[in-house]
Amino acid sequence: MIRLSAITPSGQVHLGNYLGALRTWAREGTDEDVYFISDLHAMTSSHNPQRLRSMTREQLAVLIASGIAPASVCVQSDLIRELGALNWVLECTCTYGEAARMIQFKEKSLGRESVRLSLLTYPVLMAADILLQGTAEVPVGEDQLQHVELARALARRFNHAYGDAFIVPTAVVPKVGARIKDLADPARKMDKSAQNSAGVVFVLDDPDLVRRKVRRAVSSTEGIANLTEILASCTGKEPEDYTSRFSDLKNVVAEAVIEELRPVRDRTLELLADPAELDRIRAAGAERSRERAQHRLNAALRLSGLS
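What you are looking at is a predicted structure, and each value in this text was computed from that prediction instead of being measured. (Residues numbered from 1 in each chain as written. Predicted model: local features only at pLDDT ≥ 70, side-chain atom pairs only at ≥ 80, totals over all residues. Heavy atoms only, no water.)

Asks: Is there a simple way to think about the nonpolar core in this case?
Replies: For soluble globular proteins, the rule of thumb is that nonpolar side chains tend to be buried together. One finds L15, L63, I230 and V257 to be the most contacted residues of the largest nonpolar core, which totals 46 residues. Taken together, the elements giving at least two residues each to this core come down to α1 (15-28), β2 (34-37), α2 (49-65), β3 (73-75), α8 (207-215), α9 (221-235), α10 (246-272) and α11 (275-303). Per-element tally for this core: the top contributor is α10, with nine residues. In contact with L15, other than residues within four places in its own chain, are I180, M190, V201, I230, V257 and L261. (Core = buried A, V, L, I, M, F, W, Y, C linked by side-chain atoms within 4.5 Å. Buried < 20%, exposed > 50% of the residue type's maximum accessible area, 1.4 Å probe, protein only. Helix = DSSP H or I, 4+ residues; strand = E, 2+ residues; numbered from the N terminus. Contact = heavy atoms within 4.5 Å.)

Asks: Would you take a moment to explain the sheet that holds β2 for this structure?
Replies: Adjacent strands of a sheet form backbone hydrogen bonds with each other and so pair up, either parallel or antiparallel. Strand order in this open sheet of three strands is β1-β2-β3, and the pairing throughout is parallel. The sheet is open, and its two edges are formed by β1 (4-7) and β3, each paired on a single side. Within the sheet, the average angular offset between the axes of one strand and its neighbour, ignoring direction, is 25 degrees. Sheet topology places β1 next to β2; four bridges connect them, and they run parallel. The residue of β2 that forms the bridge with A6 is F36. Against the sheet, α1 touches β1 and β2, its axis set at about 145 degrees to β1. Lying over the sheet, α11 contacts β2 and β3, oriented at roughly 90 degrees with respect to β3. (Pairing = 2+ DSSP bridges. Axes fitted to C-alpha atoms, helices over the stretch in contact; angles between N-to-C directions.)

Asks: Help me out: how do you make sense of the packing of aromatic side chains in this one?
Replies: The geometry of an aromatic ring pair comes down to the distance between the two centres and the angle between the two planes. Inspection of the entire model under this criterion finds three aromatic pairs. Linked through ring pairs, F158, Y162 and F166 together constitute an aromatic cluster. (Phe/Tyr/Trp six-rings, centres within 6.5 Å; stacked < 30°, edge-to-face > 60°.)

Asks: What am I meant to see in the state of the cysteines here?
Replies: Disulfide: a covalent bond connecting the sulfur atoms of a pair of cysteines. By the definition in use, this model includes zero disulfides. Free of any disulfide, C92 has its nearest cysteine sulfur in C94, 10 Å distant. (Disulfide = S-S within 2.5 Å.)

Asks: Would you take a moment to explain α1 for this structure?
Replies: Given 3.6 residues per turn, any residue in an α-helix points the same way as the ones three and four places further on. Between its first and last C-alpha, α1 extends 19 Å over 14 residues, near the 20 Å set by a 1.5 Å rise per residue. Of all the bends in α1, the greatest measures close to 35 degrees and is centred on L22. The complete set of buried residues in α1 reads L15, G16, N17, Y18, L19, L22, R23 and W25. (Expected span 1.5 Å × (residues − 1). Bend = angle between axes of the 7 residues up to and from the residue.)

Asks: Any chance you could explain the packing of α2 against α11 here in plain terms?
Replies: Taken N-terminus to C-terminus, the directions of α2 and α11 make an angle of 80 degrees; their axes are 11 Å apart at the nearest point. Comparing their axes, α11 and α2 come out roughly perpendicular. Of the residues in α11, those touching α2 at T56, R57, L60, A61 and I64 are P275, L278, D279, I281 and R282. A class-by-class count of the residues in the contact of α2 with α11 yields six nonpolar, one polar and three charged. (Parallel < 35°, antiparallel > 145°, perpendicular 65-115°, else oblique. Nonpolar A, V, L, I, M, F, W, Y, C, P; charged D, E, K, R; others polar.)

Here it is as structure tokens:
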């Protein structure tokens, strides 16, 4: 049974990404699963090409450094020919109304005079990601359930109209993991693309920078709860009550975060310093994903009359 998950290279991987997703992928994933960097999805809004390329390589290195099996990791754009072909077939299966009803499209386009067409159509590309790999389960948060439902609808519609080509995937909402908030504003979660990164701990931050960010964390009730959550996630233990000793809590959390991230940071920097090895891992992942996808794409093209 194949599971598929992705991370978008809209910025550096942060502590919340690692504790809430990547660490779980490493612990629970198998070689059959697919974990990919969704660089095509990062193009639905204005982007810097050089930064996109850099963030994609960095995220690939972080995924491998986190302990995720290299064989299960790939970069979305390395399958652009296969995805492009299937995306067109699925766009010809999807209706405008279905795409326009997507909640994220409504939210992100609200009040804007102009948005990229890809913002409307990228859920179809997401369906192509899922269906091309023969995915059985898609672990997603509540905000992505609608997109998986679209993939399910398109798979069923295509299979009914032309013949069985796709596995109909199931959305799986994982058990609630670490919900890491911004240290400077615990009312919102850590964000890779946050305008102000003072409260965001990135995986590649050096230890001194981690200490400075944690020591500047707000001392509100929400701030204490956030630091306590971070400490519990890093140590696996219920922390003691630091309510009256907030400075002690900050010091303990900073050191726990540094130790949790140290091996990931060190291995990531090693991979980034060895571009040939990172390219080899990337090429192998692309080839494996391409081989698994090819027969499914060929079947879809044949059944729809294109070959």
